[in-house]
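As a plain string of letters, each chain reads:
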Amino acid sequence: MGTITSISWTDATWNIARGCTKVDEDCKFCYMYRDSMEGTRYDPKDIVRTKTVFDMPLKYKNTRSECWDGPPLLFTSSLTDWGHPAIDPYRHEMWDIIRQRKDLIFQLLTKRIDRYKTILPPNWGNGWDNVWLGTSVGSPAGLHRAEILSDIPAAVRFISFEPLHGHIETNWDLSWIMSFGWVIIGGESGNENGKYRYRPCDVEWMEELAYAFDSCGVPVFVKQMGTHLSKVLGMSDRHGSNIDEFPLKLRLRKFPNL
């Protein structure tokens, strides 16, 4: 729950809580559920405030990002959804910590962006300079979250198309595309059998999304192909995360232009 992470688009993870409840089909094979079910003592449905790492950013000493030419990036939170109603009683403490560390950038990703009037701080205004506000979309059914986000002021608005498990048509207005400052794309990882498997992703789905945004100047970060495409393409790890093995059109790992 601390700073060690294998997530390629961030420097560290900061978890204010552990546990979550599922929103829709995008959450079907959630990695937090999968990992909690495999040998840990935690019930993934119980949302529990962290103890030893809750104030981690206040102790964070890195002064330079290893991912990009900018301040360190902290993904908040990888083991919960910071917008979950169960976190309402202490979310203000999260915002206070973020306010104190203006030298860090906090990547806040939530599937509960519809609660923005409740979960954003009263002084949000046009957004905080050190907060990138994002939501997840894995299939057309999740696009309503991006629609909501597109109207919320933020220093950077971003969409994570991960786990991408359905074809999303990209016939959007240019103005809507340009309302976002960053896009992440990734296929789903999972097990070959058991409760937490994976759904197939198609290279053409990924390429269509990448082109729609990248051709308009919106930075695109392709995180991984996912387990299905890793097998299809004969990649070296089950996540399909080696960019040198990506199809040429998907070798994109860009960050927002600040």
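This is a predicted model, so every value here is computed, not measured. (Residues numbered from 1 in each chain as written. Predicted model: local features only at pLDDT ≥ 70, side-chain atom pairs only at ≥ 80, totals over all residues. Heavy atoms only, no water.)

Caption draft 1: A look at the side chain of Thr227. Looking at the secondary structure, you find Thr227 in helix α8 (residues 226-232). Look at Thr227 and you get buried, because its relative accessible area is 2%. The contact partners of Thr227, leaving out residues within four places of it in the chain, are Glu188, Ser189, Gly190, Glu192, Tyr198, Arg238 and His239. (Helix = DSSP H or I, 4+ residues; strand = E, 2+ residues; numbered from the N terminus. Buried < 20%, exposed > 50% of the residue type's maximum accessible area, 1.4 Å probe, protein only. Contact = heavy atoms within 4.5 Å.)

Caption draft 2: Broad picture of the packing of aromatic side chains. Summed over the entire model, instances satisfying the criterion amount to 19 aromatic pairs. On the numbers, 6.1 Å between centres and 65 degrees between planes, the contact of Phe54 with Tyr90 is edge-to-face. Highlighted residues: Phe54 in the loop between β3 (48-49) and α2 (56-59) and Tyr90 in the loop between β4 (73-76) and α3 (91-100), separated in sequence by 36 residues. Tyr90 shares its class with Phe54; the two are buried. Feature note: the residues Trp9, Trp68, Phe75, Trp132, Phe158, Trp182, Phe221 and Phe255 constitute an aromatic cluster, connected by ring pairs. (Phe/Tyr/Trp six-rings, centres within 6.5 Å; stacked < 30°, edge-to-face > 60°.)

Caption draft 3: Main features of the environment of Cys67. Tracing the backbone through its elements, the reader meets Cys67 in the loop between α2 and β4. Residues Cys67 and Lys45, spaced 22 residues apart in sequence, show a C-alpha to C-alpha distance of 32 Å. Among residues more than four places away in sequence, those in contact with Cys67 are Ser8, Trp9, Thr10, Asp11, Leu73 and Phe255.

Caption draft 4: View of the pattern of salt bridges. Within this structure, the stated rule accounts for 16 salt bridges. Via salt bridges that share partners, Asp24, Asp26 and Arg145 belong to a single interconnected network. (Salt bridge = Lys/Arg side-chain N within 4 Å of Asp/Glu carboxyl O.)

Caption draft 5: Representation of the pairing of β4. With burial as the criterion, each face of β4 is covered, one bearing Leu73 and Phe75 and the other bearing Leu74 and Thr76. Relative to β4, strand β1 (residues 12-14) is paired through three bridges, and the arrangement is parallel. The residue of β4 that forms the bridge with Ala12 is Leu74. Here β4 pairs with strand β5 (residues 105-109) via four bridges, running parallel. Across the sheet, residue Thr76 finds its bridge partner in β5, namely Leu108. Chirality of the crossover, the property in question, places the unit of β4, α3 and β5 among those that are right-handed. (Pairing = 2+ DSSP bridges. Right-handed = clockwise from strand over helix to strand, strands pointing away.)

Caption draft 6: Molecular detail of α3. Burial in α3 covers these residues: Arg91, Met94, Trp95, Ile97 and Ile98. Angularly, the buried residues of α3 cover 160 degrees about the axis, an arc narrow enough to put them on a single face. Along its buried surface, α3 packs onto β1, α2, β4, β5, α4 (116-119) and β6 (131-136). (Arc of directions from axis to C-beta.)

Caption draft 7: View of unusual backbone geometry. Along the chain, Thr76 connects to Ser77 via a cis peptide bond; the corresponding omega equals -5 degrees. Inspection of the secondary structure puts Ser77 in the loop between β4 and α3.

Caption draft 8: A look at the sheet that holds strand β8 (residues 182-186). Pairing in this open sheet of seven strands is parallel, and the strands run β1-β4-β5-β6-β7-β8-β9 from one edge to the other. Every interior strand has two partners, whereas the edge strands, β1 and β9 (220-224), have only one. The average angle at which neighbouring strand axes cross in this sheet is 25 degrees, direction not considered. Contacts from α3 reach β1, β4, β5 and β6 within the one sheet, and its direction differs from that of β5 by about 150 degrees. (Axes fitted to C-alpha atoms, helices over the stretch in contact; angles between N-to-C directions.)

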